[in-house]
Amino acid sequence: MHQPISSLNLPDFKIQELQTVGYHYCTDANKSEKKFASKIQISQWDDLVHTPKTRSALDIYQEECVSGTILTSSKELDEALGGGIPVGLITEFCGEPGCGKTQVCFHLCVNVQLPLWCGGMAGQSIYISTNKGFASHRLREIATACVNNYLSFKAKHCILATSNNDEFCVQSIMRNIRYIGINSHVELVAAFKCMRHWLQENLMIRLVVIDSISAPLKKTEFKERTQMLYNICNDLQILAQQFKFAIIFTNDMTTRITSANSPYHTPSLGDSYYHRINVRVQLSKKD
Amino acid sequence: MARLKPEMHPLLTEEVINFLFGKNIYTVVNFLQTEIKQICCITNLAYKEILGIRKHLIHKNSAVVRNGLDYYKEMIRATAIIPTGIQNVDAMLEGGLLTGNIYEICGLPSNGKTQFCLTIAKNVTQKLQQHVYYIDTKRDFSGRKILRMLDAEKLPADQIGNIMSRILVKQINTKYELLNCLYSIQKEIDEGLTLRLIIIDSLPPLFYQTEESAKNYGVMNQFVNIMRFLAREYHLAFIVTNCITIWYEGDFSMEKAITEKLGLGRYWLSIANFRIMIKQTQEICKYGLNIVKSNKLPKGVNCTVNINDSGMF
């Protein structure tokens, strides 16, 4: 079976134009023919028929090992996640207000900056805040604690301080977290376009946090939501694949009503979104 | 509908074809629909020669008539049952996955669909010494998970490497890439790849990206065509995952307003030959599989499996 031209990502009028000059299948395409080249750009054609490279499970495993994971500051959580937050995937933290979602994000933003020799990635992070919940003084406290831990760890293991003369300090940590404040879903999508520029300049971004994915989406039409979420996830994962960073979402809880009239709490945004994300961690407060 | 090419017939030289293109006769269909006399004038070929070309083109481009008995024998020869390697599932499916069929595994999020796919990919490459194609749409394929499953069986390292290098993975992002992938897999099989199973882990992410349903259905139709073609002609089995979502309508005053909806819309309902639903049970790590649609097995057959880090069994 030959691949028809109508199966390519082309607008309908282009497909029709090609068909009127007798091109119906991809195998008919002949780049040297004038008629063909006049209808479509050759570089565009290569993009259209592009197939992602095949890799074996072994290749993927090796890549996973090289790209590593981000530590969460909690040994038990790291173990449950299979070593930490995986790169290239979407990990969601959900829970009631005040159960520490933002705090976990702050920890990750700091931990990702740890030098390579003590389990960090020596990377930077982008923090997209949609709910004005970015408390920089809290972040500073966490950073200070982390630096103190780091210094005592270094002293304990008698590692000479000469080699990397303390790049890792509170100020550098704060500098390496880029903050974007967002008010609506439109701004969120626009932020991704900006991010691409940053990522191309600066290859060390290893973490992108969207603190509350649900806040901007609550302002949208219910019908558009699934599509928007799937697009956001897709755009981010394409970038993450290319630039090797981890993606963190936070999500809040909502109430669902079952037939037995007993309401229960469940993360917002529904099942189709739940299907799309890769890892979900639900946080709750213990009495 | 193929475009006219010099390879098609010795009389269709480059020059003759250029004459035809000049008169807007591009494809075989155009050629056959044009009056012979007119073609005579355009190409300066004799009436008889054109008749010969016509006959040849019709013969080459029409559907092949096959004898029922031969077709049956061919089917018996080439069809295989691929054991999934999961004891209860094999028993439920009466041996395993039958080539030429499309199996759909559906379930609520986080109910073990990906684990089901990974386990089968691992088992088939391990037991049948064959390749398996795994098309991954949301980066859920994990080399680590496969390794953990193989480690649990305490296999030697070289064997593990061998198995893992036979699982071929394509990570894709759009529905158009899915189509390109399937056509390129067809090419690879033509070039000698031995393949009996293609797993597509999760279709909804591809088709939920736009709301333009006309475009979506068009692409889905193309996808179904090539998938069925590969399944039938190359004797492959397909496993496709789909999600189920729960919809709550009404409020406290209404009861039984819960509906479970299968993803991808109505058209998709008729595509899969087998639809298996997977559901978490009350017990930890135990999942129930249930056949909800099948043309061969009785409806409602079910089994229970265990899922943990070392796979599904």
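Residues numbered from 1 in each chain as written. Chains lettered and ligands numbered in written order. Predicted model: local features only at pLDDT ≥ 70, side-chain atom pairs only at ≥ 80, totals over all residues. Heavy atoms only, no water.

For chain B, an unreviewed UniProt entry supplies the name RecA family profile 1 domain-containing protein and the organism Ignelater luminosus.

Selection rule: UniProt positions are given in the numbering used here, feature names are shortened, and annotations may be inferred rather than shown by experiment.
The name an unreviewed UniProt entry assigns to chain A is DNA repair protein RAD51 homolog 3, from the organism Ignelater luminosus. The Subcellular location (unreviewed entry) comment attached to chain A in UniProt states, word for word, "Nucleus".

Digging into the overall build of chain B
The line we're drawing: Only DSSP runs of H or I covering at least 4 residues are called helices, and only runs of E covering at least 2 are called strands; the numbering of each starts at the N terminus. The size measure is the radius of gyration over C-alpha atoms, and the globule rule it meets is 2.2 Å times the number of residues to the 0.38 power. Only protein chains enter the accessibility calculation, which uses a 1.4 Å probe; a residue whose area is less than 20% of its type maximum is buried, one above 50% is exposed, and one in between is partly exposed. Contact between two residues is taken to exist if any of their heavy atoms lie within 4.5 Å; hydrogens are not considered. Each accessible area is a Shrake-Rupley result for a 1.4 Å probe, and residues are judged covered by the shown protein chains and nothing else. Residues scored as charged are limited to Lys and Arg (positive) and Asp and Glu (negative), so that His and the chain ends carry no count. For charged residues, the charge sits on one atom: NZ in Lys, CZ in Arg, CG in Asp, CD in Glu.
A count of helices and strands for chain B gives 13 helices and twelve strands. For 313 residues, the compact-globule formula gives about 20 Å, and the C-alpha radius of gyration of chain B, at 25 Å, lies well above that figure. Across its three principal directions, the C-alpha atoms of chain B cover 80 × 60 × 40 Å. Out of the 313 residues belonging to chain B, those deemed buried represent 52%. Contacts spanning at least 24 positions in sequence make up 62% of the contacts within chain B whose residues lie at least 6 apart. Summed over its atoms, the accessible surface of chain B is roughly 14,900 Å², and 53% of this surface lies on carbon and sulfur atoms. The averaged location of the 29 negative side-chain charges in chain B is 4 Å from the averaged location of its 37 positive side-chain charges.

Some thoughts on the domain arrangement of chain A
Put simply, the rule is: What counts as a domain boundary in this text is fixed by an automatic or database domain assignment.
Along its sequence, chain A is organised into domain 1 (5-48) and domain 2 (57-283). When each unit is reduced to the centre of its C-alpha atoms, the spacing between domain 1 of chain A and domain 2 of chain A is 42 Å.

Considering the UniProt feature "domain: RecA family profile" (unreviewed entry) in chain B
Following the UniProt record, one finds the feature "domain: RecA family profile" (unreviewed entry) at residues 78-244 of chain B. In the segment residues 78-244 of chain B, helix accounts for 50% and strand for 22%; the C-alpha atoms at its two ends are 34 Å apart.

Brief notes about the sheet that holds strand 4 (residues 90-95) of chain A
All names here are of chain A. As a reminder, the rule being used: A pair of strands is labelled paired if DSSP reports no fewer than 2 bridges between them. Inter-axis angles, ranging from 0 to 180 degrees, are taken between N-to-C directions of lines fitted to C-alpha atoms, where helices are fitted over the stretch in contact.
The six strands lie next to each other as 6-5-7-8-4-11, forming an open sheet whose pairing is parallel. The sheet is open, and its two borders are formed by strand 6 (177-181) and strand 11 (279-283), each paired with just one other strand. Here the strands of the sheet are splayed against their neighbours by 15 degrees on average, with no regard to which way each runs. The pairing of strand 7 (residues 205-211) with strand 8 (residues 246-251) spans four bridges and is classified as parallel. What sits directly across from Val209, in strand 8, is Ile248. Each of strand 5 (124-129), strand 6 and strand 7 touches helix 9 (residues 185-201); the most contacted strand, strand 5, lies at about 165 degrees to it.

Let's talk about the domain arrangement of chain B
Domain boundaries assigned for chain B yield domain 1 (6-61) and domain 2 (73-312). A straight line from the C-alpha centre of domain 1 of chain B to that of domain 2 of chain B covers 46 Å.

Re the environment of Phe36 of chain A
Residue and element names in this part refer to chain A. Here Phe36 is to be found in helix 2 (residues 34-39). Residue Phe36 is classed as buried on the basis of its relative accessible area, which comes to 0%. Apart from the residues lying within four places of it in its own chain, the contact partners of Phe36 are Leu18, Tyr23, Ala29, Asn30, Lys31 and Trp45.

Considering the interface of chain B and chain A
Filter applied, for reference: Note on definitions: buried area is the accessible-area loss of two parts on being combined, 1.4 Å probe, summed for both. Within this document, salt bridges are pairs made up of a side-chain nitrogen of Lys or Arg and a carboxyl oxygen of Asp or Glu, the two lying within 4 Å of each other.
Across the boundary between the two partners, chain B contributes 64 residues, which contact 60 residues of chain A. Across the chain B/chain A interface, buried area totals approximately 5,400 Å², and carbon plus sulfur atoms make up 55% of it. Taken together, the connections running from chain B to chain A amount to two salt bridges. The shortest N-O distance in the salt bridge between Lys5 of chain B and Asp28 of chain A comes to 3.5 Å.

Digging into the pairing of strand 4 of chain A
Two faces belong to every sheet, and in a regular strand the side chains alternate between them. All names here are of chain A. Within strand 4, six of the six residues are buried, leaving the element largely enclosed by the surrounding structure. Along strand 4, one buried face is formed by Ile90, Glu92 and Cys94 and the opposite face, lined by Thr91, Phe93 and Gly95, is buried too. Inspection of the sheet shows strand 4 paired to strand 8 by five bridges, in the parallel sense. Bridged to Ile90 within strand 8 is Ile247.

Focus: the environment of Tyr234 of chain B
Residues and elements named next belong to chain B. Structurally, Tyr234 is set in the loop between helix 12 (213-233) and strand 7 (237-248). Along the sequence, Tyr234 and Gln186 sit 48 residues apart, while their C-alpha atoms lie 8.5 Å from each other. Once you skip the residues sitting within four places of it in the chain, Tyr234 turns out to touch Gln186, Ile189, Asp190 and Phe229.

A look at the packing of aromatic side chains
Rule in force here: Only Phe, Tyr and Trp rings take part, Trp by its six-membered ring, and two of them pair if their centres are within 6.5 Å. Stacked means planes under 30 degrees apart, edge-to-face means over 60, and tilted covers everything else. Definition used: whenever NZ (Lys) or CZ (Arg) falls within 6 Å of the ring centre and also within 35 degrees of the ring normal, the charge is taken to sit over that ring.
Within this structure, the stated rule accounts for 15 aromatic pairs over all chains. Among the aromatic side chains, those forming a connected cluster through ring pairs are Phe106, Tyr127, Phe134 and Tyr179 of chain A. The side chain of Arg280 of chain A reaches across the aromatic face of Tyr274 of chain A, ending 4.0 Å from its centre. Its end group placed over the ring of Trp247 of chain B, Lys261 of chain B keeps NZ or CZ at 4.4 Å from the ring centre.

Notes on the pairing of strand 7 of chain B
Residues and elements named next belong to chain B. Counting buried residues along strand 7, ten of its twelve residues qualify, which places the element largely inside the surrounding structure. Judged from the six bridges that link them, strand 3 (residues 102-107) and strand 7 form a sheet pairing that is parallel. Opposite Gly107, over in strand 7, you have Cys243 as the bridge partner. Sheet topology note: the strand 6 (residues 195-201)/strand 7 ladder contains four bridges and is parallel. Looking at strand 7, one finds that Ile200 is bridged to Val240. Pairing geometry for strand 7 and strand 8 (residues 258-262), over five bridges, is antiparallel.

Considering the nonpolar core
Residue and element names in this part refer to chain B. The condition is simple: Working definition of a nonpolar core: buried Ala, Val, Leu, Ile, Met, Phe, Trp, Tyr and Cys residues. They are joined through side-chain atoms within 4.5 Å.
With 45 residues, the main nonpolar core has Leu197 and Leu289 as its most contacted residues. Looking at this core element by element, the count peaks at six residues for helix 7 (residues 113-128). With near-sequence residues (within four places) excluded, Leu197 lies in contact with Ile82, Leu97, Ile120, Val124, Val132, Tyr133, Leu236, Ala237 and Ile239. Core analysis: the second largest hydrophobic core is formed by 35 residues, Val224, Leu230, Ala231 and Ile271 among them.

Some details on the pattern of salt bridges
Inspection of every chain in the model, using the stated rule, returns 15 salt bridges over all chains. In this structure, Arg280 of chain A engages Glu92 of chain A in a salt bridge whose closest nitrogen and oxygen atoms are separated by 2.7 Å. Taken together, the residues span a long stretch of sequence, with Arg280 of chain A in strand 11 and Glu92 of chain A in strand 4 at a distance of 188 residues. Taking relative accessible area as the criterion, Arg280 of chain A reaches 21% and is therefore assigned partly exposed. The closest approach of N and O atoms between Glu74 of chain B and Arg77 of chain B, which form a salt bridge, is 3.3 Å. Residue Glu74 of chain B and its partner Arg77 of chain B are located together in helix 5 (residues 68-78), separated by three residues, close to a single helical turn. Since its relative accessible area comes to 32%, Glu74 of chain B is described here as partly exposed.

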